[in-house]
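# Per-entry structural report
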Amino acid sequence: MQSKRVIWGAVIGNGLTTYDFTVYSFSAVIIGKLFFPSDSTFSSLLLSLLTFGAGFAMRPVGALIIGNLADSKGRKAGLTVSIALMTLSTGIIAFVPPYSSMGALSTLLIILARLTQGFAAGGEIGVSSTVLMELAPRDRRCYLVSWHAASQAAAALLGALIGAGTTMLTPAALHQWGWRIPFMVGMLIGPVGWYIRRHMAEAPMKGRGRSSLKTMLARHRVALCFGILSMSAPTACIYLMVYYMPTYLVRSLHMPHTISLLSACLSSALLFAGTPLLAKVADRQRLRKPTQYVTLISSIVLVYPVFLLLTYGVGEMLSLLIIGAYTALALCNNAATRVMLMEAFPLHHRATGMATIYSIGTVIFGSFCPFIVTWLIGVTGNPMAPAWYLLAALCVSLFALLLFPDAVEDY
């Protein structure tokens, strides 16, 4: 019973983190108009996406502070702090008045909320992944950690479904209050996760050494550096193929808004179903890298044909299937990647190490990914720009996988 509570506590909080980032990206166009007014709608969108990326700037700070808290005071302490901050920042976005009512103060509050979300997310994802791995025997680690990635997919699916539901409102109602509904739902999820985490037992930490940021950075530089590089492919793929895709389909390929959100729904549903299945395959292997090689090389080969088909105009339904299938191929092996990263660190540095890798990786390869791709499309006029960005990220991850160190001895 207590193990299930720990799992639910990790999964719900992590899901809320992903959900909040998802609904912001889906609402980027409206938020840009309401809080970043400009003579150009394109400029407003860029400012909104820039604020989306700014939230990632706080992730490394959150990773070091919350991750070290979890390594020194226990996993429960880190998990509780992260979800409380995430709930608070979501509430700010849900209720802050628009620029027309409060002027620059409303813009500053949106930016502050995004920075707080980034700080919380920086510690959340590394700590919750660590909790799930440490609960599992070695031959089921990938499977149990896969529910961390699956919860992110489920949260993205929920955000996309609620976002699609709001499109049924009139344009005036959507701009006035409808866009706030997804954030209100997220704010209600937070207290549930916080309550579960407050009442769950502390994860066992027997045999751990002393946690020290200085020691972790000094002794595990290789794992940190190549771990950060390995995050390029999954980070770029999730932010391009799931979060940014609705905006891309509407602005660049001129598809209906509802169809664009359905692409995120389908991709998220396939990730939710496929990630645990592939994790079971990875658990049957003694090494963590083989399935990663297969999915990375396949993704590299197919990325250009996928975007070529989308820009060629193969129809709405076939476009949805292509996006969903490619996203599943590129991301369903996420659990093996995360377990490999965590096994490279000893127990007393694991939460900080994983949180640092994940947060810095997302800052470099994901934070301004939508902004960069939007800018590239605007400058070049070529809708194939996302394929260039994603291809580069996939190649970086393949290079990092080749050189990533083996696991440490104390599991």
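Keep in mind the model is a prediction, meaning the values are calculated, not measured.

### A word on the overall build of the protein
- When helices and strands are counted, the protein shows 20 helices and 0 strands.
- The C-alpha atoms of the protein give a radius of gyration of 20 Å, which matches the 22 Å a tight globule of 411 residues would have.
- Seen through its principal axes, the protein has C-alpha atoms that stretch 60 × 45 × 40 Å.
- Burial statistics for the protein: of 411 residues in total, 58% are counted as buried.
- Long-range pairs, those at least 24 residues apart, make up 85% of the contacts in the protein between residues at least 6 apart in sequence.
- As displayed, the protein has an accessible area near 16,000 Å², and 70% of this comes from carbon and sulfur atoms.
- Computed over 28 positive and 13 negative side-chain charges, the inter-centroid distance for the protein is 4 Å.

### Some words on the pattern of salt bridges
- The final tally for this structure, using the stated rule, is 4 salt bridges.
- Measuring nitrogen to oxygen at the nearest pair gives 2.9 Å for the salt bridge that ties glutamate 343 to arginine 138. Within this pair, whereas glutamate 343 is found in the loop between α17 (334-342) and α18 (347-367), its partner arginine 138 is found in the loop between α7 (104-135) and α8 (141-166), the two being separated by 205 residues in sequence.
- Accessibility expressed as a relative area gives 2% for glutamate 343, which makes it buried.
- The shortest N-O distance in the salt bridge between aspartate 283 and arginine 288 comes to 3.8 Å. Assigned by exposure class, aspartate 283 and arginine 288 land together as buried.
- Taken together, the shared-partner salt bridges connect Arg138, Arg141, Asp283, Arg288 and Glu343 into one network.

### Side note on the side chain of serine 252
- Tracing the backbone shows serine 252 in the loop between α13 (232-251) and α14 (257-283).
- The exposure class assigned to serine 252 is buried, which follows from its relative accessible area of 18%.
- Apart from the residues within four sequence positions on either side, serine 252 is in contact with Thr247 and Ile377.

### Here we look at the layout of surface pockets
- By volume, the second largest pocket is sized at about 360 Å³.
- Residue lining of the second largest pocket: 17 residues in total, with Trp8, Val11, Ile12, Trp147 and Ser151 positioned closest to the centre.
- Listed by contribution, the elements that provide at least two residues to the lining of the second largest pocket are α1 (2-26) and α8.
- A total of 8 residues in the lining of the second largest pocket trace back to one element, the largest contributor, which is α1.
- Of the residues in the lining of the second largest pocket, the class split is 14 nonpolar, 2 polar and 1 charged.

### Some details on empty space enclosed by the protein
- This structure, assessed with the given rule, holds 3 cavities of 30 Å³ or more.
- Roughly 280 Å³ of volume is contained in the largest cavity.
- If you trace the largest cavity, you find 24 residues lining it, with Gln152, Ile238, Tyr243, Arg338 and Tyr358 closest to the centre.
- The set of elements that each furnish at least two residues to the lining of the largest cavity consists of α1, α8, α13, α14, α17 and α18.

Rules and cut-offs
Residues numbered from 1 in each chain as written. Predicted model: local features only at pLDDT ≥ 70, side-chain atom pairs only at ≥ 80, totals over all residues. Heavy atoms only, no water. Helix = DSSP H or I, 4+ residues; strand = E, 2+ residues; numbered from the N terminus. Rg over C-alpha atoms; globule rule 2.2 N^0.38 Å. Buried < 20%, exposed > 50% of the residue type's maximum accessible area, 1.4 Å probe, protein only. Contact = heavy atoms within 4.5 Å. Areas by Shrake-Rupley, 256 points an atom, 1.4 Å probe, with all protein chains shown as cover. Lys, Arg positive; Asp, Glu negative; His and termini not counted. Charge placed at Lys NZ, Arg CZ, Asp CG, Glu CD. Salt bridge = Lys/Arg side-chain N within 4 Å of Asp/Glu carboxyl O. 1 Å grid on protein atoms, 1.4 Å probe; cavity = no way out; pocket = protein on both sides within 12 Å on 5 of 7 lines; lining within 4 Å. Points joined across faces, edges and corners; volume = space filled by probe spheres on them. Nonpolar A, V, L, I, M, F, W, Y, C, P; charged D, E, K, R; others polar.

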